[in-house]
Amino acid sequence: MSGKILSIRALEVLDSRGNPTVKCVLKTPKCTVSAIVPSGASTGKHEALELRDGGRRYGGKGVRKAVANANTALSKAITGMDCTDQEAIDLVMLELDGTTHKSKLGANAMLAVSLAACRAGAVHKGVPLYEYIRSISESETIRLPIPQLNIINSGKHAGLENDIQEHMIFPMGFKSFSEAMRAGVETYHQLKAILRKKYGAQATLLGDEGGFAPPIADVNERLTLIMDAISQAGYGKKIKLGLDCASSEFFKNGTYTLGKKSYASAELIDVYRQLSKAYPLVSIEDGMAEDDWEGWAFLTKQLGNRLQLVGDDLLVTNEARIKRAIQEKSCNALLLKVNQIGTVTESIEAANLCVAEKWNVVVSHRSGETEDDFIADLVAGLGASQSKFGAPARSDRVAKYNRLLEIEQELGRKAKFGN
Ligand code: 2PG
Ligand code: MG
């Protein structure tokens, strides 16, 4: 049956923070599929534009303009195209927008269409979405990722300033995704028990990504509690640690401020070095701010041989910035967020660029998510070695983990996992 796109219809729906976002429903003769766009809070300033309405409605966060763009200009251009031609669809949208940051039509409008088209493409090819993504990305293999689980939330995701944003566990010493998940979840529950006992039930309230947001100012204390949870859950050396510092959020006028202390780039790198000596830290994301290229190069020179250094706000899933980072040896891993760039094709290109460089690729959610589990198929289809989908709590996060568990079961003994 023809893969001709019969119609696309966009609408305004809500994300996990109760903010408006764009959903797209796409029809072909064979299927009706949909996709919903996520949204960040600690957003990088070089990300593609998330078009919001401004004004009073939803505190300015309405997406009626983006929805209208999808329903008029994009619909007109895309209707009649073949849903199995992802590259052509994305290219038409890019040309129609014509700006570097998708500021005319909005990356949220374009991504909703792009994701929905990809889902329809899989249906028409008669394969699971992850297999379809594997084929269009020409990735070597389907793989289940090591899940980075953000179990203590702070910074913007917990209403705080001048703080490290995410404290993650990396269940690495396991044979399968489901075993890694189980260990991560048991550690999460153990941490909850520890926090409740030590600080009371209030300390177990959750931040935006489902991790706990206890009133503990010191990062050492947080990591020590996580280590206690790992050991009490019985996982000793099998679970490692990672941080997303989201340092663009605490960088101003050339200085980083953590709590009440200020640091130059080199001093902050020393803090990271100390942390990596005191704890089994394997990964630091956004250790330096989005435009501190010098700081990034120094960080990588100092710690890049023993730590995974992930570029999020630095790279914004953008080919040009990734190329510069490769050239300047700024980091050694990519955080891939589809809404930072706005199309499936560009996301795949960003991943492939990094794979060719032997960088790790971490497929990531946003702090504002929905029930859409597209990124689970994306990480598996790209064969990327890691996912970052938050804590194992709240349906907006768990939807992705549940989809990965389903993919693992579907693949059976063929399922590859981790590196
Ligand atoms: C990050 C993300 C996801 P946000 O900084 O990596 O955890 O947060 O979506 O708020 O940018
Ligand atoms: Mg980040």
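By convention here, each chain's residues receive numbers from 1 onward along its written sequence. Lettering for chains starts from A, numbering for ligands starts from 1, and both go in the order in which the items are written. Per-residue local features are limited, in this predicted model, to residues with pLDDT of at least 70; the limit for side-chain atom pairs, both in listing and counting, is 80 or more; totals at the level of whole chains, interfaces and linings are taken over all residues. Side-chain numbers here rest on the full set of heavy atoms in the structure, without hydrogens or water.

Draft legend 1. Inspection of the coordination of the magnesium ion (ligand 2) at higher detail. Note: metal donors comprise N, O and S atoms at 2.8 Å or less from the metal (3.2 Å for Na, K and Ca); water molecules are not included, so apparent gaps in a site are possible. Here the magnesium ion (ligand 2) is held by the protein donor atoms Asp244 (OD), Glu285 (OE) and Asp312 (OD), which lie 2.0 to 2.2 Å from it. On the primary sequence, the residues serving as donors to the magnesium ion (ligand 2) are separated as D-x40-E-x26-D. Of this pair, glutamate 285 sits in strand β10 (residues 281-285) while aspartate 312 is found in the loop between β11 (308-311) and α9 (319-327), placing the two residues 27 residues apart along the sequence. Exposure class is identical for glutamate 285 and aspartate 312. Each is buried. Strands here mean DSSP runs of E at least two residues long; helices mean DSSP runs of H or I at least four residues long; both are numbered from the N terminus. Only protein chains enter the area calculation, which uses a 1.4 Å probe; residues under 20% of their type maximum are buried, those over 50% are exposed, and those in between are partly exposed.

Draft legend 2. How the structure looks around the site of ligand 1. Consider each residue's heavy atoms; a residue with any of them within 4 Å of a molecule or strand counts as near. Around ligand 1, the structure places 16 residues, and the nearest of them are Ala41, Glu166, Glu209, Ser367 and Lys388. The term polar contact refers here to a pair of N or O atoms within 3.5 Å; inside protein, the definition further demands a hydrogen-donor-capable atom paired with an acceptor-capable atom, and it admits residues adjacent in sequence only when both atoms are side-chain atoms. Take aspartate 312: an N or O atom from its side chain is 3.0 Å from an oxygen atom of ligand 1. Serine 367 is positioned such that a nitrogen or oxygen atom in its side chain is 2.5 Å from an oxygen atom of ligand 1. Each residue gets one label: Ala, Val, Leu, Ile, Met, Phe, Trp, Tyr, Cys and Pro are nonpolar, Asp, Glu, Lys and Arg are charged, and the others, such as Gly, are polar. Across the shell around ligand 1, the residue classes tally to two nonpolar, six polar and eight charged.

Draft legend 3. Focus on the nonpolar core. Counting residues in each nonpolar core, the largest one holds 120 residues, and the members touching the most others are Leu74, Leu191, Ile226, Tyr272, Val363, Leu378 and Leu382. Note that domain bounds follow an automatic or database assignment of domains. There are two domains that each give this core at least three residues, and those are domain 1 (7-126) and domain 2 (137-414). Contact between two residues is taken to exist if any of their heavy atoms lie within 4.5 Å; hydrogens are not considered. Excluding anything up to four places from it in sequence, leucine 74 contacts Ile8, Asn69, Met93, Leu96, Leu105, Ala109, Met110 and Val113. For our purposes a nonpolar core is just a set of buried Ala, Val, Leu, Ile, Met, Phe, Trp, Tyr and Cys residues, chained together by side-chain atoms within 4.5 Å.

Draft legend 4. The arrangement of the domain arrangement of the protein chain in detail. In terms of domain boundaries, the protein chain breaks down into domain 1 (7-126) and domain 2 (137-414). Taking the mean C-alpha position of each, domain 1 and domain 2 sit 26 Å from one another. Here, a salt bridge means any Lys or Arg side-chain nitrogen found within 4 Å of an Asp or Glu carboxyl oxygen. The tally of links from domain 1 across to domain 2 stands at six salt bridges. Residues glutamate 47 and arginine 366 are paired through a salt bridge, measuring 3.1 Å at the closest nitrogen-oxygen approach. At the boundary of domain 1 and domain 2, one finds 23 residue pairs in polar contact (both at pLDDT 80 or more). For the side of domain 1 that touches domain 2, the elements supplying multiple residues, two or more each, are β3 (32-36), α2 (86-97) and α3 (107-125). Tallying contributions element by element places α3 first for the side of domain 1 that touches domain 2, with seven residues. Taken together, the residues of the side of domain 1 that touches domain 2 break down into 13 nonpolar, 11 polar and nine charged.

Draft legend 5. Spotlight on the side chain of glutamine 386. In this fold, glutamine 386 is placed in strand β14 (residues 386-388). A relative accessible area of 5% places glutamine 386 in the buried class. Every residue in contact with glutamine 386, bar those within four places of it in the chain, is listed here: Pro145, Ile146, Gln148, Phe170, Gln308, Asn360, Val361, Val362, Val363 and Val379.

Draft legend 6. The packing of aromatic side chains, seen in detail. Pairing of aromatic side chains here covers Phe, Tyr and the six-membered ring of Trp, requires ring centres within 6.5 Å, and sorts the geometry by plane angle: under 30 degrees stacked, over 60 edge-to-face, intermediate tilted. Summed over all chains, the structure comprises five aromatic pairs. Aromatic pair phenylalanine 389 and tyrosine 401: ring centres 5.9 Å apart, planes at 45°, arrangement tilted. Taken together, the positions of phenylalanine 389 in the loop between β14 and α13 (395-411) and tyrosine 401 in helix α13 put the pair 12 residues apart, joining distant regions of the chain. By the burial criterion, phenylalanine 389 is buried, and tyrosine 401 matches it. Put simply, the rings of Phe250, Phe251 and Tyr256 pair up and form one aromatic cluster. Charge-over-ring placement is defined geometrically: NZ (Lys) or CZ (Arg) within 6 Å of the ring centre, and within 35 degrees of the ring normal. Over the aromatic face of tryptophan 293 sits the side chain of arginine 324, whose NZ or CZ is 4.0 Å from the ring centroid.

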